[in-house]
Amino acid sequence: GFKTCVLTNNWVDDSAGRLFTATLMNLLRRHFDLVIESCRLGAQKPDPEIYTYALDALQAKPQEV
């Protein structure tokens, strides 16, 4: 058992290509246990808050990832 996570620095896409972005994110969700998007969390890499959130969500310790 490994858990997998995608941690993105992204933004709310209101462009004409937003359907492509939404489709891509939905495809990613099917292949990973967790997808964390900075725009939804309100923090982005390298802010330690986003890593703390990911660790909590994965129920993991830093030395385990």
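What counts as what
- Residues numbered from 1 in each chain as written.
- Predicted model: local features only at pLDDT ≥ 70, side-chain atom pairs only at ≥ 80, totals over all residues.
- Heavy atoms only, no water.
- Helix = DSSP H or I, 4+ residues; strand = E, 2+ residues; numbered from the N terminus.
- Buried < 20%, exposed > 50% of the residue type's maximum accessible area, 1.4 Å probe, protein only.
- Arc of directions from axis to C-beta.
- Contact = heavy atoms within 4.5 Å.

Caption draft 1: Spatial organisation of unusual backbone geometry. For the peptide bond that leads from lysine 45 to proline 46, omega is 10°, which places it in the cis range. Structurally, proline 46 is set in the loop between helix 2 (38–41) and helix 3 (48–58). The backbone of glutamine 59 sits at a positive phi, close to 55°, despite the residue not being glycine. Mapped onto the elements of the fold, glutamine 59 is located in the segment after helix 3. Judged by relative accessible area, which is 70%, glutamine 59 ranks as exposed.

Caption draft 2: Geometry of helix 3. All buried positions along helix 3 are accounted for by Ile50, Ala54, Leu55 and Leu58. The arc that holds every buried residue of helix 3, seen down its axis, measures 135°, which confines them to one face. In this structure, helix 3 carries Pro48 and Asp56 as exposed residues pointing more than 90 degrees from its buried face. Of the surrounding secondary structure, the elements contacted by the buried residues of helix 3 are strand 1 (5–8), strand 2 (34–37) and helix 2. Positive phi appears at glutamine 59, one or two residues downstream of helix 3, with a value of about 55°.

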